[in-house]
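# Structure at a glance
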Amino acid sequence: MQKPAKPSVKKPAVKQPIGEQPENPAKLILDGAIVDNQWNLLPLGGEEEITADNLASGKLILPLSLWLELREQLQDRKEEIGVWLDSDETADLVGEHAAELPLIAAHFPLFTDGRAFTVGRLLRERYGYTGEVRAVGSFIRDQLTYLKRCGFNAFAYQGDQPLEGLLESMADFSDSYQAAADQPRPIFRRRALA
Amino acid sequence: MYRYDEQDHKLVRERVAQFRGQTERYLAGELKEEEFLPLRLQNGLYVQRLAPMLRIAVPYGLMNSTQVRRLAHITRKYDKGYAHFTTRQNVQLNWPNLEDVPDILAELAEVEMHAVQTSGNCIRNTTTDQFAGVAQDELIDPRPYCELIRQWSTFHPEFAFLPRKFKIAVCGAKEDRAAIRAHDIGIQIVKNDQGETGFEVLVGGGLGRTPILGVTIREFLPEAHLLSYLEAIVRVYNQLGRRDNKFKARIKILVKAMGAEEFARRVEAEWEQIKDGADQLTPEAIEWSKRFFPEPTYKAFSNGHGEAVLRDQAGEDKAFSRWLERNTFPHRVNGYQSVTLSTKPTGIPPGDVTDRQLEAIADLADKYSFGEVRVTHEQNVVLADVEQEKLFDLWQEARKHGFATPNIGTLTDMICCPGGDYCSLANAKSIPVAEAIQRKFDDLDYLYDLGDLDLNISGCMNACGHHHIGHIGILGVDKKGEEFYQVQLGGSSNEKASLGKVLGPSFSRDEMPETIGKILDVFVENRQPEEFFIDTYNRIGLQPFKERVYAKAS
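Just so you know, these numbers come straight off a predicted model, no measurement behind them.

### A word on the overall build of chain B
Along its length, chain B carries 18 helices and 21 strands. Taking 554 residues into account, the globule formula puts the C-alpha radius of gyration at 24 Å, and chain B, at 23 Å, falls close to it. Summarising its shape, the C-alpha atoms of chain B cover approximately 65 × 60 × 55 Å along the three principal directions. A burial count over chain B gives 56% of its 554 residues as buried. Considering only contacts in chain B between residues 6 or more positions apart, those separated by 24 or more positions represent 67%.

This is how it looks when you write it as structure tokens:
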């Protein structure tokens, strides 16, 4: 008798990082203040296979691909598991699951790679996400004013400039033309048009 | 035209302060070269071959006389006393000091101008028809929509670090004078069967090293959804456009790789999510924007009155008659005509004007055209609303200031990039080629006999001189360190847009005037009555030109 063909289980391709992986600085900006970083960040790849059992304890930011794999098994650690999206990963890959997460980070492999700006807006505006949205990677001080507009409230800056300067740049603009995560109404809905 | 309110003023002032701080940090060594780069570009500042270059935004090409006078002052105080009009209706200064740029921006802000997003990988200045509001073939005035796009795109927080630059052009007339098919997004204003205003939306056009004409992804977009649809397009591009190779990063490459249908499907899916949101334009917002572009207080002239006067004057003065024929454009209001001031007399780099000429333009605008000035994508200047009775006076004054070369639309009205004389990207000089051609073909009767002919010159494949869409296109190339020029024929920028085809091996600079001469001979010998160069080319093809130009000397 012929054996029924085994359903072929294709292992998903291993996600390759885009450029340098994010660092995890000791201090960061959160909601306009300089604070200690409470989270560890797990990079992509590594020698050992990571499972729900050998995962480090404490607050941990996982690569999105790993989190999607382990999500079901990590239900009782929800409060202390966040994810980070590489720049080729879009917000809809988290989508409705966002509400389960206390923290979602978006990575800048290069500061000129602006895909994370869209991630921030979609998390806030499309998926109604209210947790921490953290910028990680190589973004620069002068991007904070736009990042804030796109819904980022945490900035794990890894450059060599003092964090106080970043706080200053965050306030470069006091108004805006467009609607975004920080301003639901574009200027044409706020102006006296008479 | 649009006037800033307190919110616009505040935003632009805050931008100047931001850039002042960035420049200070850069000069103090606190901001790295590569980090300062996109910041200065998004404030219009390039570092060029000889000096920095500052590109000042002229939103959809429109300025008032006060702004033009301020530009004159700036060229005198901070530069060498001249400025350059670009093919995207902007103004460039070729010699400012980097340290002075924040002060220049502050001076511009006082007259409601800026240099925001005139370069860099962001949404650039929106361009349109230089005859907006006055052309006889216009369906809807594009300027109120351009202004709404300007506000939406200015300091857009999500789209300041796109894969590559992003250009939008809007056309509201039958004839496309804004080259919308050569833009990342082209918008054609249309009316549907119910008489409602909307937009045909094209994407994926662009010149550069991979020239592609835009394709329609939506036939009719209702007026209210203009901004949400633009946002959906740029969002799809920001997420999916290539970032691994600068030369494959424009939206045209994405649209081509994905296919226009699939790209359109993704845009529509994104748009579905946001179309009923806050970006939906309210009727009040559209009306409000329209109020900034009211009809000027035209005098009431009877039909044909002005024409009669002009006929008499033209009959007595051949030079005036020539100028009238080439440098003026019909107006939709009785007794008015639009005038193009030519920046292309022989021997001056196309698009260059001195500080005194800028002041003369401002004076002429005040005296003859309600104080408004438009920059054209052919790098000339338009006074849109001139009384026909005053054309003769205006002509005489324009002549004094060097603006009355009667060559608009002819061979010598070339589009030409700054080229190797200024630009660090250029492979070859372009200005001397333009000048050599102008010198060879300075016989006005011959030029008029040739008729409408677009000759465009770019000094490198980045195509700032739009060589792909010139009837005759010239491209500077580098051959083992020597400057050569490739010729293309058959390009066109209007509603029947096409990309030129390469004629064959390139020529040295000295050979160029002669080569153009041979091309024109083939045209003249083959043309049928009423045919322009492009018509003859389309009928007879490349081969006859090729045979003549590359014929072996017998």
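### Here's the deal with the interface of chain B and chain A
Contacts between chain B and chain A engage 32 residues on the former and 32 residues on the latter. When residues of the side of chain B that touches chain A are traced back to their parent elements, those giving at least two are α1 (6-27), α2 (33-41), α5 (143-153), α6 (226-240) and α9 (283-290) of chain B. Of the residues assigned to the side of chain B that touches chain A, the class counts are 13 nonpolar, 10 polar and 9 charged.

### Description of the confidence of the model for chain B
With 99% of its residues at a pLDDT of 70 or more, chain B shows a mean pLDDT of 95. Both scores are given for the predicted complex: the pTM is 0.93, the ipTM 0.93.

### So, the pairing of strand β12 (residues 336-341) of chain B
On any regular strand, side chains alternate: one points to one face of the sheet, the next to the other face. Residues and elements named next belong to chain B. Most of β12 sits inside the fold, with 6 of its 6 residues counted as buried. Of the two faces of β12, the one lined by Y336, S338 and T340 and the one lined by Q337, V339 and L341 are each fully buried. Pairing analysis gives 3 bridges linking strand β11 (residues 328-330) to β12, with the strands arranged antiparallel. Within the sheet, the bridge partner assigned to T328 lies in β12 and is V339. The antiparallel hairpin formed by β11 and β12 contains 5 residues in its connecting segment, where G335 sits at a positive phi of about 85°. Inspection of the sheet shows β12 paired to strand β15 (residues 381-387) by 5 bridges, in the antiparallel sense. Directly across from L341, in β15, lies its bridge partner V381.

### Quick look at the sheet that holds strand β8 (residues 154-157) of chain A
Residues and elements named next belong to chain A. Spatially, β2-β1-β8-β7-β6-β5-β4-β3 is the arrangement adopted by the 8 strands of the open sheet, whose pairing is mixed. The open sheet has two free edges, formed respectively by β2 (33-36) and β3 (40-41), since each of these has just one partner strand. Across 2 bridges, the pairing between strand β1 (residues 27-30) and β8 is antiparallel. What sits directly across from L30, in β8, is A154.

### Overview of the nonpolar core
Grouped together as the largest cluster of nonpolar side chains are 203 residues, with contacts concentrated most on V83(A), A135(A), F155(A), V203(B), I233(B) and I361(B). In this view, V83(A) contacts I61(A), L62(A), L64(A), W67(A), V94(A), L101(A) and I104(A); residues no more than four positions away in its chain are not counted.

### Concerning the sheet that holds strand β8 (residues 185-191) of chain B
Strands in a sheet are paired, the pairing made by backbone hydrogen bonds, and the direction either parallel or antiparallel. Residue and element names in this part refer to chain B. With respect to topology, 5 strands assemble into an open sheet ordered β6-β7-β8-β9-β10, the strand pairing being mixed. Strands at the two margins of the open sheet, each flanked by one partner only, are β6 (127-128) and β10 (215-222). Direction of pairing for β6 relative to strand β7 (residues 168-171): parallel, over a ladder of 2 bridges. Pairing of T127 across the sheet is with A169, part of β7.

### What about α1(B)?
All names here are of chain B. Taking 1.5 Å per residue as the helical rise, α1 with its 22 residues ought to reach 32 Å, and the 31 Å between its terminal C-alpha atoms agrees with that figure. Within α1 the residues assigned to the buried category are D8, L11, V12, R15, V16, F19, Q22, T23 and R25. Trailing α1 by a residue or two, G29 shows a phi angle of about 80°, which is positive.

Analysis parameters
- Residues numbered from 1 in each chain as written.
- Chains lettered and ligands numbered in written order.
- Predicted model: local features only at pLDDT ≥ 70, side-chain atom pairs only at ≥ 80, totals over all residues.
- Helix = DSSP H or I, 4+ residues; strand = E, 2+ residues; numbered from the N terminus.
- Rg over C-alpha atoms; globule rule 2.2 N^0.38 Å.
- Buried ≥ 20, exposed ≤ 12 C-beta atoms within 10 Å, placed from the backbone.
- Contact = placed C-beta atoms within 7 Å.
- Nonpolar A, V, L, I, M, F, W, Y, C, P; charged D, E, K, R; others polar.
- pLDDT = per-residue confidence, 0-100.
- Pairing = 2+ DSSP bridges.
- Core = buried A, V, L, I, M, F, W, Y, C linked by C-beta atoms within 7 Å.
- Expected span 1.5 Å × (residues − 1).

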